[in-house]
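# Chain and residue survey
The primary structure of each chain is shown beneath.
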Amino acid sequence: MGTVAAAALMASAQAGFAGSHSEGITVGYFLEWPMPFQYAKQEGMYDEALGMPVNWVSFDTGTAMSAAMASGDVQMSVSQGVPPFVVATSAGQDLQILDVAVSYSENDNCVVREDLEIDKMSAAELEGKKVAVPLGTAAHYGFLKQMSHFGVDVGSLDVVDMAPPDGAAAIAQGSVDMACGWGGSLRRMLEHGNSLLTGAEKEELGILVFDVTSGPASWVAENSDTVAAFLQVTAEANAMWADEANRDKMLPVIAKDAGMDEEATMSTISTFIFPPVDEQLGEKWLGGGAQEFMKGVADVFVEAGSIDSALDSYEDAVNTGPLQSASGM
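Quick caveat: nothing in here was measured; it's all calculated off a predicted structure.

Thresholds, definitions, all that
Residues numbered from 1 in each chain as written. Predicted model: local features only at pLDDT ≥ 70, side-chain atom pairs only at ≥ 80, totals over all residues. Heavy atoms only, no water. Helix = DSSP H or I, 4+ residues; strand = E, 2+ residues; numbered from the N terminus. Rg over C-alpha atoms; globule rule 2.2 N^0.38 Å. Buried < 20%, exposed > 50% of the residue type's maximum accessible area, 1.4 Å probe, protein only. Lys, Arg positive; Asp, Glu negative; His and termini not counted. Charge placed at Lys NZ, Arg CZ, Asp CG, Glu CD. Pairing = 2+ DSSP bridges. Axes fitted to C-alpha atoms, helices over the stretch in contact; angles between N-to-C directions. Parallel < 35°, antiparallel > 145°, perpendicular 65-115°, else oblique. Contact = heavy atoms within 4.5 Å. Phe/Tyr/Trp six-rings, centres within 6.5 Å; stacked < 30°, edge-to-face > 60°. Patch = residues over 30% accessible without salt bridge, like charges linked within 9 Å, V, L, I, M, F, W, Y side chains within 5 Å. Areas by Shrake-Rupley, 256 points an atom, 1.4 Å probe, with all protein chains shown as cover. Salt bridge = Lys/Arg side-chain N within 4 Å of Asp/Glu carboxyl O. Disulfide = S-S within 2.5 Å.

## Thoughts on the overall build of the protein
Counting secondary structure elements, the protein contains 16 helices and ten strands. Against the 2.2 N^0.38 benchmark of 20 Å for 329 residues, the protein shows a C-alpha radius of gyration of 20 Å, consistent with a compact globule. Across the 329 residues that make up the protein, the buried fraction comes to 51%. Mean positive and mean negative side-chain charge positions of the protein (14 and 47 charges, respectively) differ by 6 Å.

Rendered as structure tokens:
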């Protein structure tokens, strides 16, 4: 996988990324995943704050981001999913979470086919039903936690491993009774059914759905000032977006950078929450909640056979030092 990621990186670099790895730093991100940082990216705010060029490389998955950080081709990744981060750190990769990039519990859920007329009051009726779940993802974790909450034995269900676009097609055709996923796929699923719990209700059960900015621990330790400056720009872009007066100028820039039209960008980004720094440092997130959540994800994945073993604790996988410095900048 590392070779594939490296080859993809070389291809991206040849496709015209500014600068080389020896000048400045290289940061990974996702296309079609619109966030305020992309305004700062396009406007050169990172380069200015860091005093060096920031080279950006897009990835398709969080696992590819891990591989690129392991090889040293990428120094940080913005919006890496927590489950792929947990998979990497559980396998011994020395990565750290540096901030909470985005929370999107409304944009990741399971949907029950509408003609079954099952809601949270009648969830027991799911027993024996066929469910499409993308294994090893946040949606998989959320599905397992929801079934546990409702007292539905997962062993009684016919669980099929399906990527969200396939799950959306399957629920539309009526070939599955429930499907789990996120983003555009989730929106398509909801055209044919209903979710059992809202994002807020899931959060109350400890089902957090969030992405992080991550980086290799050794590199972060040697470059903590650079990391703090980077996180400070991200926080500034998030604060700008939070003020609706800025959205008319920011939206077209973000949409273009995300490779989306403005309408799709707005409908996606409006389901995202970008927690301010003080909130990120609090108990719900990096002050303990994220570490506990990662342990829960890891244990669920071990039980499901997705990974071999979990760490005893994920405390060392979070480094709030640079974010605390950024909050004082």
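Now that the structure has been shown, we can carry on.
## As for the pairing of strand β5 (residues 108-113)
Among the six residues in β5, six count as buried, and that is most of the element. As judged from the five bridges shared by β5 and strand β8 (residues 178-182), these two strands associate in the antiparallel manner. When the bridges of β8 are listed, D108 appears paired with W182. Of the pairings in the sheet, the one linking β5 to strand β9 (residues 193-195) comprises three bridges and is antiparallel in character. Note that in β9 the partner of V112 across the bridge is N194.

## Quick notes on the packing of helix α12 (residues 247-258) against helix α13 (residues 262-269)
Close contact between α12 and α13 brings their axes to 9 Å; oriented N to C, the two are set at 105°. In terms of their interaxial angle, α12 and α13 are classed as roughly perpendicular. Facing α12, whose interface residues are R247, L251, P252, I254 and A255, α13 presents E262, T265 and M266.

## Focus: the packing of aromatic side chains
If you walk through the whole model with that rule in mind, you get 13 aromatic pairs. Taken together through their ring pairs, the aromatic side chains of Y29, F37, Y46, W56 and F230 make up a single cluster.

## What about a negative patch on the surface?
Taken together, the side chains of D248, D261, E262 and E263 present a region of like negative charge at the surface. Residue classification places E262 among the partly exposed positions, given a relative accessible area of 41%.

## Details of the pattern of salt bridges
Evaluation of the coordinates by the stated rule reveals six salt bridges. Here D115 and R113 are joined by a salt bridge, their closest N and O atoms 2.9 Å apart. Among the salt bridges present, the one from K120 reaches E201, with a minimum N-O distance of 2.5 Å. Note that K120 is positioned in the loop between β5 and β6 (130-133) and E201 in helix α9 (residues 199-204), a separation of 81 residues in sequence. On the basis of relative accessibility, which here comes to 38%, the residue K120 falls in the partly exposed class. One salt-bridge network, held together by shared partners, links R113, D115 and D177.

## Looking at unusual backbone geometry
Note: most peptide bonds trans; most residues except glycine with negative phi. For E32, which is not glycine, the phi torsion reads 55° and is therefore positive. Mapping E32 onto the fold places it in the loop between β1 (25-30) and α2 (37-42). Residue E117 is not a glycine yet carries a positive backbone phi of 50°. If you trace the backbone, E117 turns up in the loop between β5 and β6. Take E117: its relative accessible area is 68%, and that puts it in the exposed class.

## Details of the state of the cysteines
Following the criterion strictly, the structure yields one disulfide and no others. One disulfide bridge connects C110 with C180, the sulfur atoms lying 2.1 Å from each other. Measuring the twist about the S-S bond at about 105°, one finds the C110-C180 disulfide to be right-handed. Taken as a pair, C110 in strand β5 and C180 in strand β8 lie far apart in primary sequence, 70 residues in all. Of the two residues examined, C110 and C180, each falls in the buried class.

## Considerations on the sheet that holds strand β2 (residues 54-59)
Overall, mixed pairing links the five strands, which are arranged β2-β1-β3-β10-β4 in an open sheet. Single-partner strands in this sheet number two, and they are β2 and β4 (95-103). Strand-to-strand, the axes of this sheet are offset by a mean angle of 30°, without reference to chain direction. As defined by bridge partners, β4 adjoins strand β10 (residues 210-216) across seven bridges and the pair is classed as antiparallel. Looking at the pairing, Q96 lines up with G215 of β10. The strands touched by helix α5 (residues 82-90) within the sheet are β3 (76-81), β4 and β10, with β3 carrying the most contacts at an inclination of about 110°.

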